[in-house]
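For reference, the chains in residue letters:
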Amino acid sequence: VPRVSDLLAALRADNFVGKAHHLLFGLYFDGGNLSVAEFHLDQAAATGIAVLYGYRDLAATYLDEGRTSDALRVAGKDL
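Throughout what follows, the structure given in this document is the object of discussion.

**Looking at the overall build of the protein**
Link 1 in the chain: Across its full length, the protein carries five helices and zero strands.
Link 2 in the chain: Secondary structure elements of the protein, listed N to C terminal, follow the sequence α-α-α-α-α.
Link 3 in the chain: Since a compact globule built from 79 residues should have a radius of gyration of about 12 Å, the 15 Å found for the protein marks it as more spread out than a globular shape.
Link 4 in the chain: Each principal axis of the C-alpha distribution contributes one length, and for the protein these read about 55 × 25 × 15 Å.
Link 5 in the chain: By the burial criterion, 25% of the 79 residues in the protein qualify as buried.
Link 6 in the chain: Here the analysis covers contacts within the protein between residues at least 6 apart in sequence; of these, 42% occur between residues at least 24 apart.
Link 7 in the chain: Working note: accessible area of the protein is about 5,300 Å², and carbon and sulfur atoms make up 62% of it.

Procedures and definitions
Residues numbered from 1 in each chain as written. Predicted model: local features only at pLDDT ≥ 70, side-chain atom pairs only at ≥ 80, totals over all residues. Heavy atoms only, no water. Helix = DSSP H or I, 4+ residues; strand = E, 2+ residues; numbered from the N terminus. Rg over C-alpha atoms; globule rule 2.2 N^0.38 Å. Buried < 20%, exposed > 50% of the residue type's maximum accessible area, 1.4 Å probe, protein only. Contact = heavy atoms within 4.5 Å. Areas by Shrake-Rupley, 256 points an atom, 1.4 Å probe, with all protein chains shown as cover.

The values are spatial; any link to function lies outside them.
In structure tokens form, the structure reads like this:
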């Protein structure tokens, strides 16, 4: 018997919360609000979303801004 979870998976709407946080990460990152972007990336990762290069890009941007301690903290999350 089909279930709601089957419909959501077919529509690729499963893990909506994680995908929403991942999308918000990108929006805040592109807008230069790195602290909020990091929060949303952490939330996305907590739901099981593969963040791929998110932490790496965030750490590089922190370094570019001279925020070395933030870059090291985020690099640790990437590991």
